[in-house]
Amino acid sequence: QVQLIESGGGLVQAGGSLRLSCAASGRTFSSYAMGWFRQAPGKEREFVAAIHGSGGSTYYADSVKGRFTISRDNAKNTVYLQMNSLKPEDTAVYYCAARTTLLLPYSSTASYNYWGQGTQVTVSS
C-alpha cells in the first residue's frame, strides 16, 4: 500500500513557475515508477509526466515537453514536478500516482493504482 500527498499548487500568472511535490509513504518507493496527471473541469484526466523508479528515464506529454521537469528523491520518498513558463491552459488539479501495472503505457491512468488527493494549479492570463 502506498499513500501519496501532493503539495505546492496555487495561483500563478502566465509565464510563472511552480514546483509540485508528492510525498509517498512506504519503504518500497524506489520500486515504483511515478506519474503526474492533471484534470481540468469537464475534461478527462490526462498524462503529464512520468519517471522510472531509479529516476533514470522520464516521459512527458507533448504539451508540457520543454517546460515541465519531473524528478524524484528516493531518499526522501518524494517526486517533484517543476513547472515553468506556465500557461492558462495548464490550469487543472494535478495528481501524482504510483505505477503498478507494467504492461500498460506510462501515459495510461489504468497503469497506476495509487493516487494522491490532488493539488489545484491555477494560471491566470
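For the structure itself, consult the block above.
In this text, all values refer to a predicted model and were calculated from it rather than measured experimentally.

Along the polypeptide, Tyr-114 turns up in strand β10 (residues 112–115). Overall, the relative accessible area of 19% leaves Tyr-114 in the buried class. When the C-alpha atoms of Tyr-114 and Gln-1 are compared, they prove to be 8.0 Å apart, with 113 residues separating the residues in sequence. The contacts of Tyr-114, once residues within four sequence positions are left out, are Gln-1, Val-2, Leu-4, Tyr-32, Cys-96, Ala-97, Ala-98 and Thr-100.

Here we take up the state of the cysteines. Within this structure, the stated rule accounts for 1 disulfide. Covalent S-S linkage joins Cys-22 and Cys-96, the inter-sulfur distance amounting to 1.9 Å. On the sign convention where negative is left-handed, the bridge of Cys-22 and Cys-96, at about 45 degrees about the S-S bond, is right-handed. A residue pair is termed long-range when its members are at least 10 positions apart, and Cys-22 in strand β3 (residues 18–24) and Cys-96 in strand β9 (residues 92–99) qualify at 74 residues.

The next point concerns the sheet that holds strand β8 (residues 78–83). Reading across the sheet, the 4 strands line up as β1-β3-β8-β7 and stay open at both edges, with antiparallel pairing between neighbours. Unpaired on one side and paired on the other, β1 (4–7) and β7 (68–73) mark the two borders of the sheet. Sheet twist, expressed as the mean angle between neighbouring strand axes with direction ignored, is 15 degrees. In this sheet, β3 lies alongside β1 in antiparallel orientation, the contact comprising 4 bridges.

This part is about the environment of Gln-82. Position of Gln-82 among the secondary structure elements: in strand β8. Since its relative accessible area comes to 27%, Gln-82 is described here as partly exposed. When the C-alpha positions of Gln-82 and Ile-70 are compared, they lie 6.4 Å apart, and in sequence the two are 12 residues distant. Once you skip the residues sitting within four places of it in the chain, Gln-82 turns out to touch Ser-17, Leu-18, Arg-19, Arg-67, Phe-68 and Thr-69.

As a further point, take the packing of aromatic side chains. Summed over the entire model, instances satisfying the criterion amount to 6 aromatic pairs. Aromatic pair Tyr-59 and Tyr-106: ring centres 4.1 Å apart, planes at 20 degrees, arrangement stacked. You can see Tyr-59 sitting in strand β6 (residues 58–60) and its partner Tyr-106 sitting in the loop between β9 and β10, a full 47 residues away along the chain. Residue classification places Tyr-59 among the partly exposed residues on the basis of a relative accessible area of 32%. Each member of the aromatic cluster is reached from another via a ring pair, and the members are Phe-37, Phe-47, Tyr-112 and Trp-115. Against the face of Trp-115 rests Arg-45, its NZ or CZ located 4.9 Å from the ring centre. Positioned over the ring face of Phe-29 is Arg-72, at 4.4 Å from the centre of the ring.

A word on the pattern of salt bridges. What the rule picks out here adds up to 4 salt bridges. Measuring nitrogen to oxygen at the nearest pair gives 2.9 Å for the salt bridge that ties Arg-38 to Asp-90. Here Asp-90 lies in the loop between β8 and β9 and Arg-38 lies in strand β4 (residues 33–39), a separation of 52 residues in the sequence. On the basis of relative accessible area, Arg-38 is assigned to the buried category, the value being 6%. In this structure, Arg-67 engages Asp-90 in a salt bridge whose closest nitrogen and oxygen atoms are separated by 2.8 Å. Within this pair, whereas Arg-67 is found in the loop between β6 and β7, its partner Asp-90 is found in the loop between β8 and β9, the two being separated by 23 residues in sequence. On the accessibility criterion, Arg-67 (11% relative accessible area) is buried. The buried category is assigned to Asp-90, whose relative accessible area is 1%. The network of salt bridges with shared partners includes Arg-38, Glu-46, Arg-67 and Asp-90.

Conventions adopted
Residues numbered from 1 in each chain as written. Predicted model: local features only at pLDDT ≥ 70, side-chain atom pairs only at ≥ 80, totals over all residues. Heavy atoms only, no water. Helix = DSSP H or I, 4+ residues; strand = E, 2+ residues; numbered from the N terminus. Buried < 20%, exposed > 50% of the residue type's maximum accessible area, 1.4 Å probe, protein only. Contact = heavy atoms within 4.5 Å. Disulfide = S-S within 2.5 Å. Pairing = 2+ DSSP bridges. Axes fitted to C-alpha atoms, helices over the stretch in contact; angles between N-to-C directions. Phe/Tyr/Trp six-rings, centres within 6.5 Å; stacked < 30°, edge-to-face > 60°. Lys NZ or Arg CZ within 6 Å of the ring centre and 35° of its normal. Salt bridge = Lys/Arg side-chain N within 4 Å of Asp/Glu carboxyl O.

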